[in-house]
Each structure stands twice: as C-alpha cells, then as structure tokens.
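# Descriptive analysis of the structure
Given next are the chains, with one letter for each unit.
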2 protein chains.
Amino acid sequence: MITLKKIGFIGIGLMGKGMSLNLLKAGYPVTVWNRTESKTKPVVDAGAKLAKTPKEVAENSDILISIVTGSDDVKEVILGENGAIYGAKKGDVFIDMSTISPIATVEIAEELAKKGVEMLDGPVSGGVIGANNGTLSIMVGGKEKVFEECKPILEAMGKTITYIGGNGDGQVCKAVNQILVGTTMLGVAEALVFAAKAGVDVERVHQAVSGGAAGSWQLTNNGARLLKDDMSPGFKIKDYLKDLRIIMETGDANKMPLPATALVLQMFRHCQAEDMLQDGTQAVVRAVEKLAGQKLVS
Amino acid sequence: MITLKKIGFIGIGLMGKGMSLNLLKAGYPVTVWNRTESKTKPVVDAGAKLAKTPKEVAENSDILISIVTGSDDVKEVILGENGAIYGAKKGDVFIDMSTISPIATVEIAEELAKKGVEMLDGPVSGGVIGANNGTLSIMVGGKEKVFEECKPILEAMGKTITYIGGNGDGQVCKAVNQILVGTTMLGVAEALVFAAKAGVDVERVHQAVSGGAAGSWQLTNNGARLLKDDMSPGFKIKDYLKDLRIIMETGDANKMPLPATALVLQMFRHCQAEDMLQDGTQAVVRAVEKLAGQKLVS
C-alpha cells in the first residue's frame, strides 16, 4: 500500500479552492490555512483539516503548497511570524504556485535551504476554470529530482506540467507567458480599432484574419469578446498589472530592455486611471479607443 | 455549355506565377503581361497567351487581375501609358490582388468607374506556398454583387475568401492582418530574449507557453525558427516594411494612432540599418538581442 504524502495548502482563494479540492479528490490528506478563515469552508467540508497558522500547516504536512497574491505575501506566510518555515522539517518540499518575482523566489528558496527544506516554484496559467477542472498549465522551477518527486501531486491539479530549470525559472516562464499575453492583446486591440476607424466591418475582418499567420489565442478568444463589447474578466486587469510589475522589476534586475511590454504597461495605465481593475485584460481596448476617438463597437 | 470568362493577369512574380497557373488549371483562358517578360515563360508554356502591354491584356480579357508591388505600380499598369484602362470595356472587372494603400485603391476604383469598369481589391495572405497550392486567404473589397460574380475565379487561387466591404476594405483587412503579424512577432521576440537574458532554457519555455492564452501562429512557427536561429524568410522584411509603410500612411490619413505598430516599425528599422531586408520577419529578434546585449541562441 502506498501512503500518500500529507499536503499543506496555504491560500484558499479563487484558485486555491479548486486546486485543494482536486488534491482531496485525488485522495491526499490536506491541511489548509487561509488569511480569511471563512473561505476555507468548502474545502474543510470536503474533508480538509483546518490549521490556525501557516506554521501549523507545515507541522502537519510533507509537501506544502502556497498560492497567494504577491512576493510579500509569500514571504510572510513562509518566513514571517508563525510562518511555515517554523513548522517545517528537513526533507519537506514547499511548492509556491503564486505568480511572484523570480528574484524573490530565489531568496525564499535560499532561506528554506538553510533548514534542509526544498522549494519549487510552480506558477500556473489557465485561470479559475483550469483550477476547478484540474487542467492548469504549471511551469516549474527547482531541482529536477524534487520536481519528479512532486509530479504526481502537480498532476492532480494541472494538465500541462513543464519542468523549466532551477529555482525561479518557473516564474521566469510565467513572466514570458504574461509578456506574450499582453503584447498579443494590445496588437489585437490596435488592429481591430484600426479597422473600425477606417469604417470597415470588424466582424468580417476578425473572421478573415483569425485563421492564418495573424492568428492567436488572444485574437480568437478576447477578440470575440471585444466584438461583443464584453469586458468581463477571463483574467482581471488588477492581476495582470501585478504581473506586469513583476516583469518590469525582473527586467530591471536583469538589465533587459522591454520596449513592447513597457508600452503594454502604459496602455494599461489608462485602465488604472479609469478604475477598470475588475475588467478583463481585453479592456485595454479602451485605451486604444480613447486615443483614436473611435469605439470598436458602436 | 458554360463559357469561362477570359482572364488577364498582370504581374508574374513569385506570387503571380502560382496564381496564374492555378487559373489555367481551372480551365480559364489566361492572357499575361509582366514588366520582365522572361518571367512569364512557365505560364506561357502552360498555355497562357502573352501580351505586349497591360492595355493589350485588358483588350483580351473580361476579368483583369493584377498583383504587383506597390500603389504606384498598380497605378502605372492600370492608369499609366498603355495601361489596362485603355483596353477595358464597360462591364469588365479589375481585381487588384497586390497589397497596396486602401486610399490608392479607392482612387483607382473611381477612375475605373468612369469607364464603367468595376474594381475589387483582393489582397492575399499565405505566401508563395499558398499561391502555388491555391490555398491563399483573400480579403475582398468592392461591390458584393461583383464579388459574387468573381468568386469562382478567386476560388481557383485561394481557400479562405472573405468579403469585407466596399472598395479598399480588403486592403484595410490586409493591413489589420499585418498589424497583428508584426505586433505578435515583436512580443514573441521580446518574451524569448527576456527568458534567455534571465538564463532560462528557452526551448522549455517555448514549449510551456505555446498551447495556452499566450499562444499564436507567430509563437509556434516563427518562434520555432528563432530557437534554431533560422532567419530564412517565410515572409521577407523587405515586403513587410512596405506593408508597414502602407499601414502608417493609412493611420495618418484616418487619424488613427498606432503606438504598438509604430514600435514594431522602429524595431524593424534596425533590420534596415543592418541590411537584413532578405531575412524573414522573425529576424526582428536581432533588434531585441542588440538592445539586450543577449543572443537568444548562443
């Protein structure tokens, strides 16, 4: 009989809820903690044990997973007062699945290493739907041996699981993903408003260009939303701005010029100025529309 | 018995050769003219009639197709000395399949209308392979009734044929296509060099991000070329610069700000500066590499 490893899970938000439920479904014993305790209810109802602190989560687990908001949040739950590090024992593995700075990730991994605790960074893409359905893409940094040990656990939450390289490399990969998402989306917005400004039927244009060398996930999916003037979030601007800040910080630290991503960020500043943080990233079209004095859909 | 319309074909270049051969294969009688006459040989060998001037082509055809380089070339073969307009009769249709300015297209259509000649703009995407295999995408502007009449002829050359709107609207759609191609490509180059600069395995990153919300034709196809440091052209920078000029002129005429496309153009200026006009558009990575002091593939 195989004894499944005990899993700790910190961060029962929109993402963490589906992910921890999928771990329970796969048969793992799960102990959870969340800053707002009430949010853990559906997971506790499904069989998870509730801990009072991140430290207590670590005391009750072999593998600790965190998915919280930013670098500071990860540092707090792991290294802060009553942090998970104080409940960890040698040989434990911490998998941080938040999207945070690759540099902060390396710093945390170094702190954990002093206690003999391994770390993986495993940021995800695929959103709440992917979290609920267990179809996330997971981009993993850390030692390959540790990755292989933890792979079955990651497979309970995700579908496309790629080992990238050492600590922080999963975060770099996620940053690459977000550079691509934003630059492609801005191009889609600019191209479609260009058509509207020229007085051309944007639906027909969208249809004509989607299948060839101009095609992209953003054009097909967020482009279709734009044609319905639908700004509802697949991915919220609030969260994307956080990712853009990480990318720009990493560019600064690595001396990497990012002219296209910098432009994307400046266009999203309009969405900040207009308080559109809860809209989906396709709403960057509002910045293009404003500049052009032209609505895409009238 | 159906009598197939007589087709005139002006411009037997890399694209026009495959396209005119496909018309012959479909059974149409074809008369051709090309500035450099020797290039017409394979098409004449396949059964086309050779004319001495664009005017003579028009005299021998009901439907005249042109695919030449720029707006000025189209104007010259249609409206210039011995131009096709002087051989045209009322009821003829001119289909310009070159990629030129939507504004020039409307001007030419107006001149032709004075003689009772209809015009369609039908710029294509799909490259030489699409021209040879008859799988081009064709984006059509002009009267819908005229489009319907000419559709069987377009179907002999292309696969995805979309009616967009009035004269020039096919060209606007092509411009949209090229905005998308360039903005997406620059994002791909910047994202992958970002990974390289962070010391991360770019092949693994490419694999991890290609299937999801970051995915695009450019990432899959030109991204794979970049990983092999392969700058061979699917589409040449020389031709793309021409298209960017059309887009920027159209933006000027329509008062449409194009910040993302403007950045793309400035990055391609590096390719001009380094005399890379015969390389494929993925070679815009050289500009990103130069700025970053980092080769993508070492």
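Residues numbered from 1 in each chain as written. Chains lettered and ligands numbered in written order. Predicted model: local features only at pLDDT ≥ 70, side-chain atom pairs only at ≥ 80, totals over all residues. Heavy atoms only, no water.

## So, the overall build of chain A
Stated formally: Note on conventions: DSSP H or I runs of at least 4 residues are helices, E runs of at least 2 residues are strands, and numbering of each starts at the N terminus. With a 1.4 Å probe rolled over the protein chains alone, any residue whose accessible area is under 20% of its type maximum counts as buried; one over 50% counts as exposed, and the rest are partly exposed. Here, two residues are considered to be in contact whenever any of their heavy atoms come within 4.5 Å of each other. His is not counted, nor are the chain ends, whereas Lys and Arg count as positive and Asp and Glu as negative. Taken as the charge centre is NZ of Lys, CZ of Arg, CG of Asp or CD of Glu, depending on the residue.
Secondary structure summary: chain A contains 13 helices and nine strands in total. When its C-alpha atoms are laid out on the principal axes, chain A stretches across 65 × 40 × 35 Å. Across the 298 residues of chain A, 57% fall into the buried class. For chain A, long-range pairs separated by at least 24 residues make up 65% of all intrachain contacts whose partners lie at least 6 apart in sequence. In chain A, 33 side chains carry a positive charge and 34 a negative one; their mean positions are 3 Å apart.

## Comments concerning the interface of chain B and chain A
For clarity, the threshold we go by: Buried area: the accessible surface (1.4 Å probe) lost by two parts on joining, summed over both. Each salt bridge in this description consists of a side-chain nitrogen of Lys or Arg and a carboxyl oxygen of Asp or Glu lying within 4 Å of one another. Here a polar contact means two N or O atoms within 3.5 Å. Within protein one must be a hydrogen donor candidate and the other an acceptor candidate, and residues neighboring in sequence count only if both atoms are side-chain atoms.
Tallying the contact residues gives 55 residues for chain B and 55 residues for chain A. For the chain B and chain A pair, buried surface summed over both sides reaches about 4800 Å², with 74% attributable to carbon and sulfur atoms. Viewed at the interface, chain A and chain B are joined by zero salt bridges. At the junction of chain B with chain A, the criterion picks out eight residue pairs in polar contact (both at pLDDT 80 or more).

## Here we look at the relation of the copies chain B and chain A
In plain terms, the rule: Superposing copies: least-squares fit, C-alpha atoms only, residues required to have pLDDT of at least 70 in both.
For the pair chain B and chain A, the superposition axis carries a translation of 0.0 Å, the fit reaches an RMSD of 0.0 Å, and the rotation angle comes to 180°. Considering both components of the superposition, the chain copies are consistent with a two-fold axis. Within chain B, the C-alpha atom positioned nearest to the axis of rotation is that of S216(B), 1.9 Å from it. Taken as a fraction of all interface residues of chain B, those also at the interface in chain A reach 100%, which identifies the copy contact as same-surface.

## Quick look at the pairing of strand β9 (residues 158–165) of chain A
All names here are of chain A. Convention followed: Pairing between strands is defined by DSSP: at least two bridges between them are needed.
Along β9, six of the eight residues are buried, which leaves the element largely enclosed by surrounding structure. The sheet contact formed by strand β8 (residues 136–141) and β9 spans six bridges and is parallel. Paired with I138 across the strands is I161, a residue of β9.

## Here we look at unusual backbone geometry
A positive phi angle, close to 55°, is found at K255(A), a residue other than glycine. Mapping K255(A) onto the fold places it in the loop between α11 (237–253) and α12 (259–273). Of note, D275(B) is a non-glycine position whose phi angle comes to about 60°, a positive value.

## Focus: the packing of helix α8 (residues 169–197) of chain B against helix α9 (residues 202–209) of chain B
All names here are of chain B. Our working rule: Interaxial angle, 0 to 180 degrees, is taken between N-to-C directions of lines fitted to C-alpha atoms, where a helix line uses only the stretch in contact. Here the angle decides the label: under 35 degrees means roughly parallel, over 145 means roughly antiparallel, 65 to 115 means roughly perpendicular, and every other value means oblique. Should the near helix be turned anticlockwise from the far one by less than a right angle, the crossing is termed left-handed; should it be turned clockwise, right-handed. Note that Gly is not counted as nonpolar here; it falls among the polar residues with everything else outside the nonpolar set of Ala, Val, Leu, Ile, Met, Phe, Trp, Tyr, Cys and Pro and the charged set of Asp, Glu, Lys and Arg.
Two elements in contact, α8 and α9, have axes whose closest approach is 9 Å; the angle formed by their N-to-C orientations is 135°. One finds that α8 runs oblique with respect to α9. Between α8 and α9 lies a crossing whose hand is right-handed. Taken together, the residues of α9 that come into contact with α8 (itself represented by L192, A195 and A196) are V202, V205 and H206. Looking at the contact of α8 with α9, its residues break down into five nonpolar, one polar and no charged.

## Quick look at the nonpolar core
Selection criterion: For the purposes of this section, nonpolar cores are sets of buried Ala, Val, Leu, Ile, Met, Phe, Trp, Tyr and Cys residues that join through side-chain atoms within 4.5 Å.
The biggest cluster of nonpolar side chains holds 102 residues, and the ones touching the most others in it are F194(A), F268(A), F194(B) and F268(B). Beyond its immediate chain neighbours, meaning those up to four positions away, F194(B) contacts V172(A), A175(A), V176(A), I179(A), I247(A), T250(A), G251(A), M256(A) and L258(A).

## A look at the side chain of N177(B)
Looking at where N177(B) falls in the secondary structure, it is placed in helix α8. Its relative accessible area of 4% is what places N177(B) among the buried residues. Beyond its immediate chain neighbours, meaning those up to four positions away, N177(B) contacts V209(A), A214(A) and S125(B).

## Notes on the pairing of strand β8 (residues 136–141) of chain B
All names here are of chain B. Quick reminder of the rule: The handedness of a crossover follows from its direction of travel: if, with the strands pointing away from the viewer, the path from the first strand over the helix to the second runs clockwise, the crossover is right-handed.
For β8, the buried fraction is high: six of the six residues fall into the buried class. Along β8, one buried face is formed by L136, I138 and V140 and the opposite face, lined by S137, M139 and G141, is buried too. Of the pairings in the sheet, the one linking strand β7 (residues 124–125) to β8 comprises two bridges and is antiparallel in character. Looking at β8, one finds that V124 is bridged to I138. In this view, the connection linking β8 to its parallel neighbour strand β9 (residues 158–165) by way of helix α7 (residues 144–155) has right-handed handedness.

## A closer look at the environment of V264(B)
Residue and element names in this part refer to chain B. Its place among the elements puts V264 in helix α12 (residues 259–273). V264 sits 77 residues away from G187 along the chain, and the two C-alpha atoms are 9.4 Å apart. Sequence-distant contacts of V264, defined by excluding residues within four places in its chain, comprise G182, T183, L186, Y240 and L244.

## Here we look at the domain arrangement of chain A
Residue and element names in this part refer to chain A. The line we're drawing: Annotation comment: domain bounds sourced from an automatic or database domain assignment.
Along its sequence, chain A is carved into domain 1 (7–166) and domain 2 (172–292). Taken over C-alpha atoms, the centre of domain 1 sits 30 Å from the centre of domain 2. Taken together, the contact between domain 1 and domain 2 spans 12 residues of the former and 10 residues of the latter. Considering only the surface of domain 1 that becomes buried against domain 2, T99, P102 and M139 emerge as the three largest contributors, covering 46% of it. In this assembly, domain 1 and domain 2 are joined by four residue pairs in polar contact (both at pLDDT 80 or more). In terms of residue class, the side of domain 1 that touches domain 2 is built from seven nonpolar, five polar and no charged.

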